[in-house]
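Coordinates in review
Listed here are the chains, written in short residue letters.
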Amino acid sequence: MKKLFVIILLFTVNFAVLAQSLSDIQNVKVDNLSDAQIEQLIKRAEASGMNEQQLIAMARERGMPSSEISKFQRRVNSLRNKGIDAANFGGADAGREGITEEVTVHEEGAKLNEQQSKIFGFSLFRNNKMTFTPNLNIPTPMNYMLGTGDQLLIDVYGASQQQYDQRINNEGMIFIPNIGPINLAGLTVEAATARLRATLSNIYSGLSGSNPNTFLQVRVGNIRSIQVAMVGEVFAPGNYTLSSFATVFNALYASGGVTENGSLRAIKVYRNNRLLAEVDVYNFLVNADQSTNVRLQDNDVIMVPPVQKRVEIQGPVRRPGLFEMVQDETLQDLLNFAGGFTSMAYPSRAIVYRTTEKELKVENIEEDAFASFRPRQGDNFIFGEILTRYENRVQITGALMRPGTFALQEGMGINELIRKAEGLREDAFLNRATLYRTRADFSLEIVALNIGAIVRGEEQDVQLEREDVLNIPSIYDLKEEYYVRISGEVNRPGAFAFGENMSVSDLVLKAGGFKESATASQLEIARRVKNDISGKLAEIIRIDIDKDLKINADGKDQILKPFDHVIIRRSPGFQRQKLVSVEGEVFYPGDYALSNANERISDLLQRAGGLNQFAYAKGATLIRRNEFFDTPSENEMKAQSLTEVKRNATANQQDNTEAEKIMLARIDSKINERGGDQANKRGGLQADDFRKETIEEISESETMKNSPIRTTEMVGIDLLAIINNPGSNNDLILQEGDVLSVPKELQTVRIRGEVLYPNTARYRELSSFKSYISRAGGFTEKSRRGRSYVVYANGDVQRTRKFLFINNYPAVEPGAEIIVPAKPEKDPLSAQAWIGIASSLATLALLINNLTR
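All of these numbers come straight from a predicted model, not from anything done at the bench. (Residues numbered from 1 in each chain as written. Predicted model: local features only at pLDDT ≥ 70, side-chain atom pairs only at ≥ 80, totals over all residues. Heavy atoms only, no water.)

**Looking at the overall build of the protein**
Using the following cut-off: Comment: elements are numbered from the N terminus, with helices defined as DSSP H or I runs of at least four residues and strands as E runs of at least two. Accessibility here uses a 1.4 Å probe with only protein chains present; expressed as a share of the type maximum, an area under 20% marks a residue as buried, one over 50% as exposed, and anything in between as partly exposed. Whether two residues are in contact is decided by their heavy atoms: any pair within 4.5 Å suffices. We get accessible surface area from the Shrake-Rupley algorithm with a probe of 1.4 Å; when it comes to residues, only the shown protein chains can shield them.
Secondary structure assignment for the protein yields 21 helices and 38 strands. Burial analysis of the protein (853 residues in total) assigns 38% to the buried set. Residue pairs in contact within the protein that sit at least 24 positions apart in sequence constitute 62% of those at least 6 positions apart. Accessible surface, the protein as shown: approximately 50,900 Å² in total, 49% of it carbon and sulfur.

Shown next as structure tokens:
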């Protein structure tokens, strides 16, 4: 009962709120209203004779905040989209009486068909981004015609003060106390103001006279709604409730616009059964003239007749399409509607395809007849384009100051064309040029010319013709581009432009000088061999270098030739530091630099202070990089080191000396240098790169593509044997990046794979492989026992071996890991396979039976 009482109470409160919301609308909070309450508010406004715009105007008049008004409009639009009955509640977009389904011609994304898109002006009233909603926030026009339902706000101010709020009743009158009824319906605001001033002057004498001290102002509050009938060729004919500010365009938009067969130029407006105006939409579209877009009144009728004359224009005009023509309009008017010609149009002639009573007909219209030619219904006017050819073009290309395209003048020759191009360039090849000429039949003719002789006047000048193209080559177009190359241990190796009298020292200087790693013996020059059929591939020239990497006097001025290749070797004694690491149970773990190329594990262990009392030597392993490790190049390591130098130097930059600032600028320019050829190489040998590529190709197969490729791998070592016998085969030579890992004494064994309960067990001496399997619950049904293996702590692996049908399992040591793989998945035999086996067995049985007989 309590719940029922609460529900009834809430319903009563909501009803009371809705009942008071119109009179107290300025206090309504839109966020606190449900959709049902908004819908009820709309229905109450409709029952009071108001549409959406009138309700919003009343709310604004009574002081409702603009933010709440915006929220209310959004809520109403949302409800309308959900399908509530908003037939008579839409302002200029109001629904039609007698139609329960809302017109959807203005929905977002509605597309026009091909015919509709060609009709000029058709989309004007079908565009959802143009609503033609009348502006209700402007002062009421003085020529606004008052009618039943209009609210008049009459202000008397000055020596006397009074306010009246009156609504024109159904008889067209308002009632003012102490005066009586006043008939205002059918008057304009200006005429109504004059009548009210004359009537109220009986009470307020200050309103009249030549020097009044009391003044009168008349305002229209809530705007009434009017009924307008839409008939003829519109998408949704019928009666519409519109704002009294609405015009013909508002009504056309509300009805969905004119159909394909409707006229846009003869829309008729009838008032009191008489023709009031005839609207030509083209005046608005072409001339922005709305003089015929009259304001509507109650019971006006708008009739859209069928189109009488529609023609089409095609070709290079700015607005091709279908246009409606009226009597006495000409082809020139049609061109004006189409926006005139584009730059590519041929305006001298038009072709018109038209129909006669029996057949089709084509006519040609010359330009001087455009202003007098009158189109007929169904005419199709087509304009052509100008020819895509030049009547006076010649071109010159090649070694000139300003090559390009020029206008051909009468009697113009090659010398004149060269002068227009501001003369020949110094590198022009004067012995021969080519003139490409287009013949009358459009075939190509090539004329060879001696430009030097023509320019000097030794040969007769050649007269040019339309579309001639003269090409004067450069001397460099006719020979190979010269360059020299330097590689090896210089700071900027590569190819450089060749210059006459270029020496080896000049090229080394261009390459940024020698690197510290350059050899102090000699450099080589590889020179191309010409006119030698003995099989010699290159001429090798050696130049001595001193210990300071300076070229000796004999080779310093060695002049280079085009395509020489200078090679700077790396010094055999140059080595950069290489680091290895020791981790785990040694006295001095950390990084160590290799002192010589044959340093071994025992040497590294000795430098690390040897094993401590917690070390488990049998579990020691060596981690080594493989070919997949992304080893940085010397250049990258150099750039990283210089970046660290820069970061440390700029930590307190305000105190940097001038020398430090110069050094920082020098470092910035060197961080991104390419360096020598060897310095650019990443990783190790080319054989390692080839092996890496091969493995990557294999890894892309179906069986390997899901297996990750590791960049390091464990190398199993016997550290006890290395300690007891240094330098033996067990004592491996170290490589850069090696990590010697010595763990603590291990006391566990891990069991993984196809066992019932994978876990880690405590190591027990003399316990066998199967004992540890039992401690993991035993093998599963999918286990592949004969393929089980053990991974020892030092990285070594031992697999299970077989003797006859007996599995010989490997021994287990502390820190080991037992792996039991699964059996491979087998596809079950299909019915066809069983039938095939049965057929084979039957055939074999018959064969044996026949043999026994």
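Right, picking up where we left off after that structure.
**Here's the deal with the confidence of the model for the protein**
Note the threshold: The predictor reports its confidence for every residue as pLDDT, a score running from 0 up to 100.
Summary statistics for the protein give a mean pLDDT of 80 and a share of 81% for residues scoring 70 or more. Across residues 1–21, confidence stays below pLDDT 50; counting only partners more than four residues off in sequence or on other chains, it has eight contacts. Overall, residues 83–105 carries pLDDT values under 50, and its contacts beyond four positions in sequence, including any with other chains, amount to 61 contacts.

**Let's talk about a nonpolar patch on the surface**
What counts here: Nonpolar side chains (Val, Leu, Ile, Met, Phe, Trp, Tyr) are joined into patches within 5 Å and like charges within 9 Å, using only residues with over 30% relative accessible area and no salt bridge. We define a salt bridge as a side-chain nitrogen of Lys or Arg found within 4 Å of a carboxyl oxygen belonging to Asp or Glu.
Taken together, the side chains of L829, W834, I837, L841, L844, L847, I848 and L851 define a hydrophobic patch exposed on the protein surface, amounting to about 840 Å² of accessible area. Mapped onto the elements of the fold, I848 is located in helix α21 (residues 831–852).

**Considerations on a positive patch on the surface**
Heads up, the rule is: Asp and Glu count as negative and Lys and Arg as positive, but His and the ends of the chain are not part of the count. Where a charge lies is defined by one atom per residue type: Lys uses NZ, Arg uses CZ, Asp uses CG and Glu uses CD.
Side chains of K770, R784, R785, R787, R799, R801, K802, K823 and K826 sit close together on the surface and give a patch of like positive charge. Note that K823 resides in the loop between β38 (817–820) and α21.

**Comments concerning the nonpolar core**
Quick reminder of the rule: Within this scheme, the nonpolar core is defined by two criteria: the residues are buried Ala, Val, Leu, Ile, Met, Phe, Trp, Tyr or Cys, and they are joined through side-chain atoms within 4.5 Å.
If you look at the biggest cluster of nonpolar residues, it comprises 46 residues, and the most contacted ones within it are L242, V248, L252, L296, I302, I313 and F381. By residue number, the principal contributor to this core is helix α7 (residues 248–254), which donates six residues. Apart from the residues within four sequence positions on either side, L296 is in contact with I226, V228, L242, S244, A246, T247, V248, A251, V269, R271 and I302.

**A closer look at the side chain of T434**
Note that T434 resides in strand β19 (residues 433–438). A relative accessible area of 19% places T434 in the buried class. In this view, T434 contacts I446, V447, V469, L470 and N471; residues no more than four positions away in its chain are not counted.

**Focus: the pairing of strand β10 (residues 274–279)**
Note the cut-off: Here the rule is simple: two strands pair whenever DSSP picks up at least two bridges between them.
Bridging between strand β9 (residues 267–271) and β10 involves five bridges; their strand directions are antiparallel. Paired with I267 across the two strands is V279, which belongs to β10. What sits between β9 and β10 in their antiparallel hairpin is a turn of two residues, with N272 showing a positive phi close to 55 degrees.

**Here we look at the side chain of S201**
We count it as follows: Contacts described as polar in this section are N or O atom pairs within 3.5 Å, which, within protein, must combine one atom able to donate a hydrogen with one able to accept it, while residues neighboring in sequence count only if both atoms come from side chains.
One can find S201 in the loop between α6 (189–200) and β6 (214–220). Relative accessible area serves as the criterion here: at 19%, S201 is assigned to the buried category. At a separation of 2.7 Å, a polar atom in the side chain of S201 contacts the main-chain carbonyl oxygen of A198. Among all residues touching S201, those that are not within four sequence positions of it are L207 and S208.

**Observations regarding the sheet that holds strand β29 (residues 621–625)**
Selection rule: Angles run from 0 to 180 degrees between N-to-C directions of axes, and those axes are lines fitted to C-alpha atoms, restricted for helices to the stretch in contact.
What the five strands build is an open sheet, ordered β28-β27-β31-β29-β30; its pairing is mixed. Strand pairing shows two members of the sheet lacking a second neighbour, β28 (590–593) and β30 (712–716), which therefore form its edges. Direction aside, neighbouring strands of the sheet carry axes that sit 25 degrees apart on average.

**Here's the deal with unusual backbone geometry**
You will see that F442, though not glycine, has its phi angle at about 70 degrees, which is positive. With respect to the element layout, F442 can be found in the loop between β19 and β20 (444–449). In this structure, N501 is a non-glycine residue whose phi angle is positive, near 65 degrees. By secondary structure assignment, the location of N501 is in the loop between β23 (494–497) and α12 (504–510).

**Regarding the packing of aromatic side chains**
Here the distance between the centres and the angle between the planes together describe a pair of aromatic rings. Selection criterion: Classification of ring pairs rests on two measures: the distance between centres of Phe, Tyr or Trp rings, Trp counted by its six-membered ring, which must be within 6.5 Å, and the angle between planes, read as stacked under 30 degrees, edge-to-face over 60 and tilted in between. Placement of a positive charge over a ring is assigned whenever Lys NZ or Arg CZ falls within 6 Å of the ring centre and within 35 degrees of the normal to the ring plane.
By the definition in use, this model includes 14 aromatic pairs. When the ring of F341 is compared with that of F383, the centres are 5.0 Å apart and the planes differ by 75 degrees; the resulting orientation is edge-to-face. In this pair, F341 sits in the loop between α9 (331–337) and β14 (345–355) while F383 sits in strand β16 (residues 380–385), placing the two residues 42 residues apart along the sequence. Judged by its relative accessible area of 3%, F383 is buried. Ring centres 6.0 Å apart and planes at 90 degrees place the aromatic pair F373 and F381 in the edge-to-face group. Judged on exposure class, the residue F373 and its partner F381 are both buried. A network of ring pairs unites the aromatic residues F120, Y282, F323 and F337 as a single cluster. Over the face of the ring belonging to F563 we find R528, whose NZ or CZ atom lies 3.8 Å from the ring centre.

**Focus: the sheet that holds β23**
An order of β23-β22-β26-β24-β25 is seen for the five strands of this open sheet, with the pairing classed as mixed. Two strands lie at the open edges of the sheet, namely β23 and β25 (538–544), each paired on one side alone. Neighbour to neighbour, the strand axes of the sheet diverge by 20 degrees on average, direction disregarded. By the bridge criterion, four bridges tie strand β22 (residues 483–488) to β23 in an arrangement that is antiparallel. What sits directly across from Y483, in β23, is A497.

**Some thoughts on the environment of I472**
On the secondary structure map, I472 appears in strand β21 (residues 469–472). Spatially, the C-alpha atom of I472 lies 4.9 Å from that of G398, the residues being 74 residues apart in sequence. Setting aside residues up to four positions removed in sequence, I472 forms contacts with I396, T397, G398, A399, L400, I418, L424, A428, F429, A433 and I451.

**Brief notes about α6**
Formally: Here, expected helix span is obtained from the residue count minus one, scaled by 1.5 Å. What the arc describes is the spread of directions from the helix axis to the C-beta atoms.
Compared with the 16 Å implied by 1.5 Å per residue over 12 residues, the 16 Å span of α6 between its first and last C-alpha is a close match. All of the buried residues along α6 are V189, A192, T193, L196, T199 and L200. All buried residues of α6 lie within an arc of 130 degrees about the axis, which places them on one face of the element. On its buried face, α6 is in contact with β2 (151–158), β4 (173–176), β5 (180–183) and β6.

**Regarding the environment of V749**
Its place among the elements puts V749 in strand β32 (residues 748–753). The spatial distance from the C-alpha of V749 to the C-alpha of Y772 is 8.2 Å, given a sequence separation of 23 residues.

**A few points about the environment of L335**
Considering the arrangement of structural elements, one finds L335 in helix α9. Along the primary structure L335 and I313 are separated by 22 residues, whereas in three dimensions their C-alpha atoms are 8.4 Å apart. Excluding its chain neighbours within four sequence positions, the residues that come into contact with L335 are I313, V317, G340, F341, F370 and F383.

**So, the pattern of salt bridges**
Evaluation of the coordinates by the stated rule reveals 27 salt bridges. Measuring nitrogen to oxygen at the nearest pair gives 2.6 Å for the salt bridge that ties R354 to D379. Linking R354 in strand β14 with D379 in the loop between β15 (360–366) and β16, this pair joins segments that are 25 residues apart in sequence. You'll find R354 and D379 in the same group, each marked buried. Salt bridges here are not isolated pairs; linked through shared partners, they connect R354, K361, E363 and D379.

**Re the pairing of strand β11 (residues 300–304)**
Two faces, one strand: in a regular strand the side chains alternate between the faces of the sheet. Of the two faces of β11, the one lined by D300, I302 and V304 is fully buried and the one lined by V301 and M303 carries no buried residue. Bridge count between strand β7 (residues 225–232) and β11: five bridges; the pairing is parallel. Within β11, the position partnered with V228 by the bridge is D300. Sheet analysis places β9 next to β11, joined by three bridges and oriented antiparallel. Residue pairing for β11: Y270 is matched across the bridge by V301.

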